[in-house]
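Tertiary structure, described
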Amino acid sequence: MFDIAILGFTKPAQAFELAEALLAQGNREPLLWEKAVALLRKLGRKADADALLLHAAKLSISPELSRQALPLHRTRRLTDVAPAEVTPGLLANELRWRLEEVSSTDPRGALKQISGKGEFSVARARLSPEGQTALDVATIYLMSAELDGKALIKLATDRILLAMKEGRNALWLGVATLESMESPHDLTLFVRALVPIKPPSTLIESILCLIAADAPPVLTRKIVPLVSSLLDAKSKALVLGVIKSRKLPDDMQSRRAILSDIRKLLLPEFDWLEDNTGADDDDDDDLLEELFEVDDDFDDGVVAAPTSASKMMGSSPGQLRAILAQIGLPERKLAKLTVSDLKELYEVIAACTLRPPTPRSMAQLVKAFERSGFSPKDFEKMIMRPPQSRRSKGIN
């Protein structure tokens, strides 16, 4: 190593030859690999340096080399790799790139065009069943920023149905969809949409248990009857037990564990956590239950927030207008708001209090305020916080 380091100053080509010979012998010394990559860059052989760095990451030579390779993984395209090197993460990243390249005016059409017949579809077919399901999860994640609730649910249920027919893990897709739901109304629509595709009782049981472990009990109790026809007596008893205890059975994976398994299949090329660093699976369940309660009309998809949430946002348009004025929004603009405007604002603000805000829910919040005549500067101070009389822990 010392002679390679010395030669590298004056004779980088000769130094690399020595390093290359050691690598060919199976040497896994991280410093040797780092020096070899650096020598290639010094010689102007960027493509070879990148290839060696990616190879080092594939062999897990060192955490540092894997970290250095991340930007390269994220920029590789489907055309850059051999068929045998295609991974679920690479295809997920390819889908991201192509969605950005295609007009976003018709995201569903764009997705159909991208993932239809062609090289993308052929590459997907080469993946393992787990890899295909992980790619479908990434697709739901990416499209959640493009589609409204109903369209996203249609996409998700189509993928779940396909996974069921092919004997793949449909629960992964159910969890991915739960992660993308922005309101109790969307959550209800999703559960209802499962009924026509008639998933096995075990799948419905798992999805309801995962909802029950995170959501307020009053919300879950309103959802269970929607799919009761798909549950046997044992499954119903299990779900009701989770609603009461707020704990999953010992033999059932948590939502976080499931997402972690999926994420491992997509790394290093694709990582949704980089796009949603504000999300936190450790929701304060008690605070969620206090902030967002469901009334008896929930069965028809109408959500109300009559108790603690009303203390934050008001229980009537007039009260919401007054609260918005208190946090600093211009009164002259507030005075122009119609009842319809206030209702829309109430709904999007409520969606951001149900769980930690996501890029999609925040985008909807911004658009709602813009439609109501506010500028970005007007709503920069719109930070959802519990009243001062509550616990000091807020919603980030």
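Each value, and the rule that gives it
- Residues numbered from 1 in each chain as written.
- Predicted model: local features only at pLDDT ≥ 70, side-chain atom pairs only at ≥ 80, totals over all residues.
- Heavy atoms only, no water.
- Helix = DSSP H or I, 4+ residues; strand = E, 2+ residues; numbered from the N terminus.
- Phe/Tyr/Trp six-rings, centres within 6.5 Å; stacked < 30°, edge-to-face > 60°.
- Buried < 20%, exposed > 50% of the residue type's maximum accessible area, 1.4 Å probe, protein only.
- Core = buried A, V, L, I, M, F, W, Y, C linked by side-chain atoms within 4.5 Å.
- Contact = heavy atoms within 4.5 Å.
- Axes fitted to C-alpha atoms, helices over the stretch in contact; angles between N-to-C directions.
- Parallel < 35°, antiparallel > 145°, perpendicular 65-115°, else oblique.
- Polar contact = N/O pair within 3.5 Å; in protein donor to acceptor, adjacent residues only side chain to side chain.
- Expected span 1.5 Å × (residues − 1).
- Arc of directions from axis to C-beta.
- Salt bridge = Lys/Arg side-chain N within 4 Å of Asp/Glu carboxyl O.
- pLDDT = per-residue confidence, 0-100.

1. Some details on the environment of Lys 35
Relative to the assigned elements, Lys 35 resides in helix α3 (residues 30-42). Lys 35 sits 19 residues away from Phe 16 along the chain, and the two C-alpha atoms are 8.4 Å apart.

2. Observations regarding the packing of aromatic side chains
Counting across every chain of the model gives 2 aromatic pairs. Consider the rings of Tyr 141 and Phe 270, whose centres lie 6.2 Å apart with planes at 75°: the pair is edge-to-face. Here Phe 270 lies in the loop between α16 (255-266) and α17 (285-291) and Tyr 141 lies in helix α9 (residues 129-143), a separation of 129 residues in the sequence. Given a relative accessible area of 1%, Phe 270 falls into the buried group. Ring centres 5.6 Å apart and planes at 70° place the aromatic pair Phe 369 and Phe 374 in the edge-to-face group. For Phe 369, a relative accessible area of 0% puts it in the buried group. With relative accessibility at 4%, the residue Phe 374 sits in the buried group.

3. Describing the nonpolar core
The biggest cluster of nonpolar side chains holds 66 residues, and the ones touching the most others in it are Ile 160, Phe 190, Ile 207, Leu 208, Ile 211, Ile 262 and Leu 266. No other element matches helix α13 (residues 201-214), which puts 9 residues into this core. Setting aside its immediate chain neighbours within four residues, Ile 160 contacts Ala 170, Leu 173, Gly 174, Phe 190, Leu 194, Ile 197 and Leu 203. Residues Ala 19, Leu 40, Ala 69 and Leu 72 belong to the second largest nonpolar core, which totals 21 residues.

4. Focus: the packing of helix α11 (residues 170-180) against α16
Relative to each other, α11 and α16 sit at 110°, their axes nearing to 10 Å. When the axes of α11 and α16 are compared, the pair comes out roughly perpendicular. Contacts between α11 and α16 involve Leu 171, Trp 172, Val 175 and Glu 179 from the first element and Arg 255, Ile 258, Leu 259, Asp 261, Ile 262 and Leu 265 from the second.

5. Quick look at the side chain of Asp 50
Residue position: Asp 50 is located in helix α4 (residues 46-58). Within the local environment of Asp 50, its side chain forms a polar contact with the side chain of Arg 41, the two groups lying 3.1 Å apart. Once residues within four sequence positions are removed from consideration, Asp 50 is found in contact with Arg 41 and Leu 72.

6. Observations regarding helix α2 (residues 12-24)
Taking 1.5 Å of rise per residue, 13 residues should cover 18 Å, and α2 covers 18 Å from first to last C-alpha, within 8% of that figure. Every buried residue of α2 is listed here: Pro 12, Ala 15, Phe 16, Ala 19 and Leu 23. End-on view of α2: buried residues confined to an arc of 95°, all on one side of the axis. Exposed residues pointing more than 90 degrees away from the buried face of α2 are listed as Glu 17 and Ala 24. Phi turns positive one or two residues past the end of α2, at Gly 26, with a value near 90°.

7. Description of the pattern of salt bridges
Under the defined criterion, the tally for this structure stands at 11 salt bridges. Residues Glu 179 and Arg 255 are paired through a salt bridge, measuring 2.1 Å at the closest nitrogen-oxygen approach. With a gap of 76 residues between them, Glu 179 in helix α11 and Arg 255 in helix α16 connect regions that are remote in the sequence. Members of the salt-bridge network, linked through shared partners, are Arg 124, Asp 136, Arg 159, Glu 166 and Arg 168.

8. Re the confidence of the model for the chain
In the predicted model, the chain carries a mean pLDDT of 76, and the fraction of residues at 70 or more is 75%. Predicted confidence for residues 276-315 stays below pLDDT 50, and this span has 101 contacts to residues more than four positions away or in other chains.

9. Quick look at helix α6 (residues 88-101)
Taking 1.5 Å of rise per residue, 14 residues should cover 20 Å, and α6 covers 20 Å from first to last C-alpha, within 8% of that figure. Counting buried positions along α6 yields 11 of 14 residues, so the element is predominantly enclosed. For α6, the full list of buried residues reads Pro 88, Gly 89, Leu 90, Leu 91, Ala 92, Asn 93, Glu 94, Leu 95, Arg 96, Arg 98 and Leu 99.

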